[in-house]
Amino acid sequence: MSERPDGPGRRTNLWQTPAAPDRWVIWNTGGESMVFDKELNIPAEVSDADLRDVLRSMRAAGVPEDDEYPGRPCG
């Protein structure tokens, strides 16, 4: 018997461990939260007006949060 095309097996990739590490993290800096791009090693461009909604969406999606500097030293 074959699986239905709309069955639960079609989404198995969503709960598998990703092959690549997380690119973005929520970086907590002494009470202030920002989106940090680990690949470019810089804070991500998010307007102040949209930051709250972006952080809420990222937290809901399970994006990792960290209090420590997530990248290598700049400079």
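So, here is what we can say about the structure in this document. (Residues numbered from 1 in each chain as written. Predicted model: local features only at pLDDT ≥ 70, side-chain atom pairs only at ≥ 80, totals over all residues. Heavy atoms only, no water.)

## A short note on the overall build of the protein
Reasoning step 1: Scanning the protein for helices and strands turns up one helix and four strands.
Reasoning step 2: Starting at the N terminus and ending at the C terminus, the protein contains elements arranged as β-β-β-α-β.
Reasoning step 3: In the protein, which comprises 75 residues, the proportion classed as buried is 19%.
Reasoning step 4: Within the protein, contacts between residues separated by at least 24 positions form 47% of all contacts whose residues are at least 6 apart in sequence. (Helix = DSSP H or I, 4+ residues; strand = E, 2+ residues; numbered from the N terminus. Buried < 20%, exposed > 50% of the residue type's maximum accessible area, 1.4 Å probe, protein only. Contact = heavy atoms within 4.5 Å.)

## Some details on the pattern of salt bridges
Pairs can form between side chains of opposite charge once their charged atoms are near each other.
Reasoning step 1: The tally for this structure, following the rule as stated, stands at four salt bridges.
Reasoning step 2: With a closest N to O distance of 3.9 Å, Arg-23 and Glu-39 form a salt bridge. Placement of the pair is Arg-23 in the segment before β1 (24-29) and Glu-39 in the loop between β2 (32-37) and β3 (42-43), with a sequence separation of 16 residues.
Reasoning step 3: Take Arg-23: its relative accessible area is 29%, and that puts it in the partly exposed class.
Reasoning step 4: Accessibility expressed as a relative area gives 53% for Glu-39, which makes it exposed.
Reasoning step 5: Within the structure, one salt-bridge network assembled from shared partners comprises Arg-23, Asp-37 and Glu-39. (Salt bridge = Lys/Arg side-chain N within 4 Å of Asp/Glu carboxyl O.)

## Thoughts on the packing of aromatic side chains
Reasoning step 1: The full count for this structure, using the stated rule, is one aromatic pair.
Reasoning step 2: The interplanar angle of 80° and the centroid separation of 5.0 Å between the aromatic rings of Trp-27 and Phe-36 together place this pair among those described as edge-to-face.
Reasoning step 3: For Trp-27, a relative accessible area of 14% gives the class buried.
Reasoning step 4: Accessibility expressed as a relative area gives 1% for Phe-36, which makes it buried. (Phe/Tyr/Trp six-rings, centres within 6.5 Å; stacked < 30°, edge-to-face > 60°.)

## Some details on the sheet that holds β2
Reasoning step 1: If you walk across this open sheet you meet the four strands as β3-β2-β1-β4, and the pairing is mixed. Edge positions in the sheet fall to β3 and β4 (65-66), since each has one partner strand and no second.
Reasoning step 2: Bridge count for β2 against β3 is two bridges, and the pairing is antiparallel. Bridge pairing in β3 places Asp-37 opposite Ile-42. (Pairing = 2+ DSSP bridges.)

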